[in-house]
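Residues per chain, in single letters:
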Amino acid sequence: MTQQIANIISNTIRSEINDLPTYKTATAGNMIKLDIMENPYTISANLKQQYLEKLSCVALNRYPDADARGLVKLLKSSFNIADDNDILLGNGSDELIQLLCLALNKNDVIMSFEPSFAMYELVAKFTQLQYVAMPLDDNYQINLANSLELIAKNKPKIIFIAYPNNPTGNLFNKQDIITIINNTCSLVVLDEAYYAYTDANFLAQLNNAPNLLIMRTVSKIGLAALRLGFLIANKKIITQLNKLRLPFNINSLTQVSAEFFIKNDNEAKMQIKQIIISRDKLIKQLKNIEQLTIYPSDANFVLFKTLDANNLFNYLLKNNVLIKDLSTKKYLTNALRVTVGDEYENKIFINLIKKYYAQ
Ligand SMILES: *Cc1c(COP(=O)(O)O)cnc(C)c1O
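Residues numbered from 1 in each chain as written. Predicted model: local features only at pLDDT ≥ 70, side-chain atom pairs only at ≥ 80, totals over all residues. Heavy atoms only, no water.

### Overview of the site of the ligand
Taken together, 13 residues sit near the ligand, with Asp191, Tyr194, Thr217, Ser219 and Lys220 positioned nearest. A distance of 2.7 Å separates an oxygen atom of the ligand from a polar backbone atom of Ser93. Relative to its free-state accessible area of 390 Å², the ligand is covered by the protein chains to the extent of 94%. Its residues assigned to classes, the shell around the ligand comprises four nonpolar, five polar and four charged. (Near = heavy atom within 4 Å. Polar contact = N/O pair within 3.5 Å; in protein donor to acceptor, adjacent residues only side chain to side chain. Areas by Shrake-Rupley, 256 points an atom, 1.4 Å probe, with all protein chains shown as cover. Nonpolar A, V, L, I, M, F, W, Y, C, P; charged D, E, K, R; others polar.)

Rendered as structure tokens:
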């Protein structure tokens, strides 16, 4: 039986999938969870009551609106999307990355920077594409000459640019990105997952760059449970990508919830303001600890380095605080990433680090 299963797998599953490690996400139990850029705050009892009333109207026996028309219309007006652009919804922006890659020919090239969001390379593998990385410089900025050269050489069909970048937290030089957009006919996807935590974005460039697409998600602003991402681009490009979308990819509960929280966004706006204040405070406090090197952040997390990164990570873990250990990854030697939590969580985190270095 075991041998038969092994044969079935080797006869059917592509070897590169067979070779892939299982994708792991940490389970945090009742730990202080500062690992994956969630908004730490929940909603008030009053807002929750109104929300539950909306949810109770969902017809669970019916398929969702396959085109999520109400939600698309609301998103277009709330982001001021011009008429010649359109929006494509995904089950998280991860699904949109997958949809984009599914549109390409086998072995086409997609590119991104390194280090950046791990999903671009993974999805390239899933969809039988080639992935080529452009190394960032020592400050995690774009090395423009080198990147343009790599783009000319590899002729990618899609370039993914996380802005702000994950896991480094910084914004790339905007003019460098514009130069890249103007110097290539590939699609350039600006992944603005952290748009709420910065004033910088590429929405204004949409109308003068036909190859520019902007991708956003509600995951990092307090609605990670919904799984909703959206891609904004020229109508004709969206029409093609939309053909690849599975018809009911956005479930009814997500559609109703997203509409509700877009219309009732006061609490989320306050939370985001608070997270930005807490981020800047956290950066200041971390900078006071001489063993650490802190990187600038325009997102809701902070990258920092220390010579004993893995030890510090384990010390925090032992004390019930989960952050992200990146220290074994390429270009991220000694690096740890912490998501901004609520004020209580940030205080515990900082105090533990101080205690660790005082021993
Ligand atoms: C978190 C993250 C995403 C994934 O967003 P989902 O909508 O939750 O799938 C995409 N891009 C970047 C850069 C991220 O950090």
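### So, the nonpolar core
Counting 90 residues, the largest nonpolar core has Leu89, Leu190, Leu286, Phe304, Ile323, Phe349 and Ile353 as the members making the most contacts within it. The biggest single contributor to this core is helix α13 (residues 343-358), with six residues. Apart from residues lying up to four places away in sequence, Ile353 is in contact with Leu286, Ile289, Leu292, Phe304, Leu312 and Leu316. Counting 24 residues, the second largest nonpolar core, distinct from the first, contains Leu96, Leu104, Met119 and Leu241. (Core = buried A, V, L, I, M, F, W, Y, C linked by side-chain atoms within 4.5 Å. Buried < 20%, exposed > 50% of the residue type's maximum accessible area, 1.4 Å probe, protein only. Helix = DSSP H or I, 4+ residues; strand = E, 2+ residues; numbered from the N terminus. Contact = heavy atoms within 4.5 Å.)

### A look at the pattern of salt bridges
Enumeration over the complete set of coordinates arrives at 13 salt bridges. Across the pair Glu259 and Lys263 runs a salt bridge, and its minimum N-O distance is 4.0 Å. Taken as a pair, Glu259 and Lys263 lie in helix α10 (residues 252-263) at a separation of four residues, close to a single helical turn. Among the ionic contacts, a cluster of salt bridges with common partners joins Lys33, Asp35 and Glu38. (Salt bridge = Lys/Arg side-chain N within 4 Å of Asp/Glu carboxyl O.)

### Brief notes about the sheet that holds strand β9 (residues 293-294)
Taken in spatial order, the four strands make up an open sheet running β9-β10-β13-β12, and their pairing is antiparallel. In this open sheet, the two edge strands, each paired with only one partner strand, are β9 and β12 (324-325). Here strand β10 (residues 301-305) pairs with strand β13 (residues 335-339) via five bridges, running antiparallel. What sits directly across from Leu303, in β13, is Arg337. (Pairing = 2+ DSSP bridges.)

### Things to note about the sheet that holds strand β8 (residues 229-234)
In sheet architecture, strand pairing relies on hydrogen bonds along the backbone and comes in two forms, parallel and antiparallel. A sheet is described by the order of its strands in space; here seven strands give the open sequence β2-β8-β7-β6-β5-β3-β4, paired in mixed fashion. Two strands close off the open sheet at either side, each with one partner strand: β2 (85-90) and β4 (130-135). Pairwise comparison of adjacent strand axes, ignoring direction, gives a mean angle of 25° for this sheet. Sheet analysis places strand β5 (residues 158-162) next to strand β6 (residues 187-191), joined by five bridges and oriented parallel. (Axes fitted to C-alpha atoms, helices over the stretch in contact; angles between N-to-C directions.)

### Overview of the packing of helix α4 (residues 69-78) against α10
Direction vectors running N to C along α4 and α10 enclose 25°, while the axes themselves pass 9 Å from each other. In terms of their interaxial angle, α4 and α10 are classed as roughly parallel. When you trace α4 past α10, the crossing you get is left-handed. Each of Gly70, Leu71, Leu74, Leu75 and Ser78 in α4 lies in contact with α10, whose residues at this interface are Gln255, Ala258, Glu259, Ile262 and Lys263. (Parallel < 35°, antiparallel > 145°, perpendicular 65-115°, else oblique. Left-handed = near helix turned anticlockwise from the far one by under 90°.)

### Describing the side chain of Asn300
Summarising the element assignment, Asn300 is placed in the loop between β9 and β10. Residue Asn300 is classed as buried on the basis of its relative accessible area of 0%. At 3.1 Å, the side chain of Asn300 forms a polar contact with the backbone oxygen of Met37.

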